[in-house]
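An overview of the molecular structure
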Amino acid sequence: MPETKPTVAVLTALSLEYDAALGHLTDVEKLTHPRYGTRARRGGLPGTPWQVALVDMGEGTLTAATLTERVLSWLDPEAVLFVGVAGGLKDDIEIGDVVVATKVYAVHGGKQTPDGFLDRPEAWRASHRLEQAAKEALRGKAHFKPIAVGDVVLADSDSELAGRIRTSYNDAVAIEMESSGVAHAVHLAGEAGALIIRGISDKANVGKSDEDARGSQPRAAANAARAAVAVLHELQPKPTAPQPRDSDPREGPFRSSTDAPTYGGDHLDLRGSTFHGPFTAKSVGQPPHGDGQ
């Protein structure tokens, strides 16, 4: 029976992000969730110990959170990578650069008061294990910085939202619409780690549409997909629990065959034992049909 490789889930929000990741996989099979119809493709990633389950979730934080949880319970990945494009927020982050999120901010929580909007930040940190693999794989090739997330396309650097991000989330270098949902779902699941990898496709300003028209999104998505592949080349599966060196698969309570009654009481395992004196034991048989003493 062929060995089953551990699974990493790679999630995307846009078809062009999905296509950029799919091109790296081999021996791809289609999967369909038996109840909800959610689709995935699963394939090998040459040169790595992983099989990759690729899912195109769609846009928005609520969709991302719901489908991330579904993928976790359905495909049981050891790690989750959310891979795609984002808008840049800093002058030193160029179009085409790759950002690995050290922290994900949800930027829409807060309280509206007569004195203005008071932010109530929420944040999720990257999995330490995945971040360490990414730093080793992408050293000098990516920015390791926080990103901001909200259910809005930011195309105006002079907007109220852009001002709030500069004030309350000043270390964020990129913005997009789904990562907080992914990070929150993985956090609640408590086992798999999450890593967010984004290629910068615009500067989140009035020039966004022009950059998109020049093909910046496919280029940024391709860069993010290549970065994710590099991380998976570096990342190793978690070790499995070692078996006892002299373990005997027959150890434990004896169970009878299907043609004989089952003995469910205590027992003494005498295999490999040596006795230097008398030994007394009681043999217990189970009467047929439960009759007798």
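For the structure itself, consult the block above.
What counts, and where the lines are drawn
- Residues numbered from 1 in each chain as written.
- Predicted model: local features only at pLDDT ≥ 70, side-chain atom pairs only at ≥ 80, totals over all residues.
- Heavy atoms only, no water.
- Axes fitted to C-alpha atoms, helices over the stretch in contact; angles between N-to-C directions.
- Helix = DSSP H or I, 4+ residues; strand = E, 2+ residues; numbered from the N terminus.
- Parallel < 35°, antiparallel > 145°, perpendicular 65-115°, else oblique.
- Contact = heavy atoms within 4.5 Å.
- Nonpolar A, V, L, I, M, F, W, Y, C, P; charged D, E, K, R; others polar.
- Salt bridge = Lys/Arg side-chain N within 4 Å of Asp/Glu carboxyl O.
- Buried < 20%, exposed > 50% of the residue type's maximum accessible area, 1.4 Å probe, protein only.
- Core = buried A, V, L, I, M, F, W, Y, C linked by side-chain atoms within 4.5 Å.
- Phe/Tyr/Trp six-rings, centres within 6.5 Å; stacked < 30°, edge-to-face > 60°.
- Lys NZ or Arg CZ within 6 Å of the ring centre and 35° of its normal.

Turning to the packing of helix H3 (residues 128–137) against helix H7 (residues 216–234), a few remarks are in order. It is the contact of H3 with H7, at a shortest axis distance of 8 Å, that shows an interaxial angle of 110°. Between H3 and H7, the angle is such that the two are roughly perpendicular. The segment H3 lies against H7, with Ala133, Ala134, Glu136 and Ala137 engaging Ala230, Val231 and Glu234. For the contact of H3 with H7, a count of residues per class yields 5 nonpolar, no polar and 2 charged.

Right, let's get into the pattern of salt bridges. Once their charged atoms are close, side chains differing in charge can pair, the charge on each being opposite to the other. A complete count under the given rule lists 12 salt bridges for this structure. Where arginine 198 meets glutamate 17, a salt bridge forms, and the shortest distance between an N and an O atom there is 3.8 Å. Placement of arginine 198 in strand S12 (residues 193–202) and of glutamate 17 in helix H1 (residues 15–22) is noted, with a sequence separation of 181 residues between them. Note on accessibility: arginine 198 and glutamate 17 belong to one class, buried. Here the residues in one salt-bridge network are Glu17, Glu176 and Arg198, joined through shared partners.

Here is a general trend for soluble globular proteins: nonpolar side chains tend to be buried in one another's company. Counting 34 residues, the largest nonpolar core has Leu11, Met57, Ile147 and Val182 as its most contacted members. For this core, the secondary structure elements donating two or more residues are strand S1 (7–12), strand S4 (51–56), helix H2 (61–75), strand S5 (79–88), strand S6 (98–106), strand S10 (143–149), helix H5 (179–189) and S12. By residue number, the principal contributor to this core is H2, which donates 6 residues. Look past the residues within four positions of leucine 11 in its chain and what remains in contact with it is Val55, Met57, Thr68, Val71, Val80, Leu81, Phe82, Val83 and Val182. In this structure, Leu54, Ala126, Ala134 and Leu235 belong to the second largest nonpolar core, which totals 32 residues.

Right, let's get into the side chain of threonine 12. Here threonine 12 lies in strand S1. Leaving out residues up to four positions away in the same chain, threonine 12 has contacts with Glu17, Tyr18, Leu54, Val55, Asp56, Met57, Gly58, Phe82 and Val83.

This part is about the packing of aromatic side chains. Overall, the coordinates contain 1 aromatic pair when judged by the stated rule. Across the ring face of tyrosine 36, the terminal group of arginine 70 is positioned such that the distance to the ring centre comes to 4.2 Å.

As a further point, take the environment of valine 10. Position of valine 10 among the secondary structure elements: in strand S1. A relative accessible area of 7% places valine 10 in the buried class. As for valine 10 and leucine 22, which are separated by 12 residues in sequence, their C-alpha atoms are 9.7 Å apart.

This brings us to unusual backbone geometry. Most peptide bonds take the trans configuration, and most residues that are not glycine carry a negative phi. Even without being a glycine, aspartate 76 presents a positive backbone phi close to 50°. Structurally, the position occupied by aspartate 76 is in the loop between H2 and S5. Judged by relative accessible area, which is 57%, aspartate 76 ranks as exposed. Located in the positive-phi region is alanine 204, a residue other than glycine, with phi close to 55°. Relative to the assigned elements, alanine 204 resides in the loop between S12 and helix H6 (208–213).

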